[in-house]
Amino acid sequence: MLKFERQKKLTKRNSEKMIYMLAKHSNHYNDFNLNTDQDVVRAFKRNKIDFSQLVEDCRDPSINVPFFENQIGSTVHTTGVKVERVNFKTGMVKPIIDGDGTYSEASYWSSFELAMESLDRCIAKTSYPEFLNSTIQLITSIESYINRQVEFWNETHSEDQLIDSRSSKVSIEDKIEKWVPKMSHGHRIDKSQKYWEEFKAIKNIRDNEAIHVKSQFNSITSANFLKRIHQLQGAILLLIKLHICFGERIPRIIIRAYFSPPVELIKTE
């Protein structure tokens, strides 16, 4: 019998790249002006942390990166308080909740967390339905992130609204191709890269196997199943690239997911 198992450790190179990305781009909000990899190394040195040893230690995914890894998730629970959120791009204040309850810092972030929970269950149980659940939430996360930027744009561009409605439907591909450069001062997603093809493959699976089901039977070889799990990384990298286009900090779970140890097929007795 074959089953999935995630490798225990990152490669040394991926551990190093993960630390650089967490330091330069994650939502730790420590203003160290880290623009280059060498800036990151120097920041750790100033704090008396040996960077080479840190890279080795962080090959273990359970080890957190000091200073640059915000452990807070997307959902906040409140008791008897009023919460408002300030859009730092527009200066507008929006009421979120008043009293007991829960709220999410960002819907795309919550969807991403759900995607990774489904992926963990998929791997643990070798479950294709859980994989399909993961594709739904991951593509939803990407769509939600773009729509978040559209909302910001429309709040400050009353004469140049970006509209996606039932009567004027715009695909996620067109939003990435046409709207993202417009909203991000010309920054573009490089569609010649592998991650774009992997994103399209995952979206196709989401569309045709998870949302608009065309067959009553799900069947897939173990090798193709594993290939599809690995293609999720491309969609995750697209979400990272979108954050970078807009100059926004990235929730650490997204970076961690991209640099997670690879999944492999193992034979059991």
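For clarity, every value in this text was computed on a predicted model and none was experimentally measured.

Enquirer: Lay out the pattern of salt bridges with the relevant residues and their values.
Expert: For the coordinates displayed, the defined rule picks out 21 salt bridges. One salt bridge connects Arg252 with Glu69, and the closest N-O pair in it is separated by 2.6 Å. Taken together, the residues span a long stretch of sequence, with Arg252 in helix α9 (residues 252-258) and Glu69 in the loop between α3 (51-57) and β2 (75-86) at a distance of 183 residues. Comparing Arg252 with Glu69, the two get one shared label, buried.

Enquirer: Go over the layout of surface pockets, please, and point to the residues and values.
Expert: In this structure, the largest pocket encloses a volume near 1,100 Å³. Lining the largest pocket are 31 residues, and of these Arg85, Glu105, Arg148, Phe152 and Glu248 sit closest to its centre. Those elements that place two or more of their residues in the lining of the largest pocket are α1 (12-25), β2, β3 (93-104), α4 (107-125) and α5 (128-156). Here the lining of the largest pocket takes six residues from α5, the largest share from any one element. Classifying every residue of the lining of the largest pocket by side-chain character gives twelve nonpolar, nine polar and ten charged. Roughly 330 Å³ of internal volume is contained in the second largest pocket. Along its surface, the second largest pocket is lined by 18 residues, and Asp120, Ile253, Arg256, Ala257 and Ser260 are the ones closest to its centre. Breaking the lining of the second largest pocket down by element, the ones donating at least two residues are α4, α8 (222-245) and α9.

Enquirer: Account for the packing of aromatic side chains, with residues named and values stated.
Expert: Going through the model one piece at a time under the given rule, you end up with twelve aromatic pairs. Ring centres of Tyr20 and Phe51 lie 5.4 Å apart, and the angle between their planes is 20 degrees; this geometry places the pair in the stacked category. A residue pair is termed long-range when its members are at least 10 positions apart, and Tyr20 in helix α1 and Phe51 in helix α3 qualify at 31 residues. Look at Tyr108 and Tyr145: their rings are 4.9 Å apart centre to centre, the planes differ by 75 degrees, and that puts the pair in the edge-to-face class. Of this pair, Tyr108 sits in helix α4 while Tyr145 sits in helix α5, placing them 37 residues apart in sequence. The same class applies to Tyr108 as to Tyr145, namely buried.

Enquirer: Can you break down the environment of Glu159 residue by residue, with the values?
Expert: Turning to its location among the elements, Glu159 is positioned in the loop between α5 and α6 (172-183). When its relative accessible area of 80% is taken as the criterion, Glu159 is described as exposed. Spatially, the C-alpha atom of Glu159 lies 45 Å from that of Val65, the residues being 94 residues apart in sequence.

Enquirer: Lay out the nonpolar core with the relevant residues and their values.
Expert: Ranked by size, the top nonpolar core spans 70 residues in total, and within it Phe131, Ile142, Phe199 and Leu238 carry the most contacts. Take this core: its biggest share by element is twelve residues, from α8. Those residues in contact with Phe131 that sit more than four places away from it in its chain are Cys122, Ile202, Ile205, Phe225, Arg228, Ile229 and Leu232.

Enquirer: I'd like a rundown of the packing of α5 against α8, residues and numbers included.
Expert: The interhelical angle for the contact between α5 and α8, taken along N-to-C directions, is 15 degrees, at an axis separation of 10 Å. Accordingly, the angle class assigned to the pair α5 and α8 is roughly parallel. Taken as a pair, α5 and α8 cross one another with a handedness that is left-handed. Of α8, the residues touching α5 (which contributes Tyr128, Phe131, Ser134, Thr135, Leu138, Ser141, Ile142, Tyr145 and Ile146) are Phe225, Arg228, Ile229, Leu232, Ala235, Ile236, Leu238, Leu239, Leu242 and His243.

Enquirer: Which residues make up the environment of Gly101, and what values go with them?
Expert: With respect to the helices, strands and loops of the structure, Gly101 is situated in strand β3. Of the residues examined, Gly101 reaches a relative accessible area of 26% and is grouped as partly exposed. Taking the C-alpha atoms as reference points, Gly101 and Gln7, separated by 94 residues in sequence, lie 38 Å from one another. Leave out the neighbours within four places in its chain, and Gly101 touches Val76, His77 and Thr78.

Reading the values: the criteria
Residues numbered from 1 in each chain as written. Predicted model: local features only at pLDDT ≥ 70, side-chain atom pairs only at ≥ 80, totals over all residues. Heavy atoms only, no water. Salt bridge = Lys/Arg side-chain N within 4 Å of Asp/Glu carboxyl O. Helix = DSSP H or I, 4+ residues; strand = E, 2+ residues; numbered from the N terminus. Buried < 20%, exposed > 50% of the residue type's maximum accessible area, 1.4 Å probe, protein only. 1 Å grid on protein atoms, 1.4 Å probe; cavity = no way out; pocket = protein on both sides within 12 Å on 5 of 7 lines; lining within 4 Å. Points joined across faces, edges and corners; volume = space filled by probe spheres on them. Nonpolar A, V, L, I, M, F, W, Y, C, P; charged D, E, K, R; others polar. Phe/Tyr/Trp six-rings, centres within 6.5 Å; stacked < 30°, edge-to-face > 60°. Core = buried A, V, L, I, M, F, W, Y, C linked by side-chain atoms within 4.5 Å. Contact = heavy atoms within 4.5 Å. Axes fitted to C-alpha atoms, helices over the stretch in contact; angles between N-to-C directions. Parallel < 35°, antiparallel > 145°, perpendicular 65-115°, else oblique. Left-handed = near helix turned anticlockwise from the far one by under 90°.

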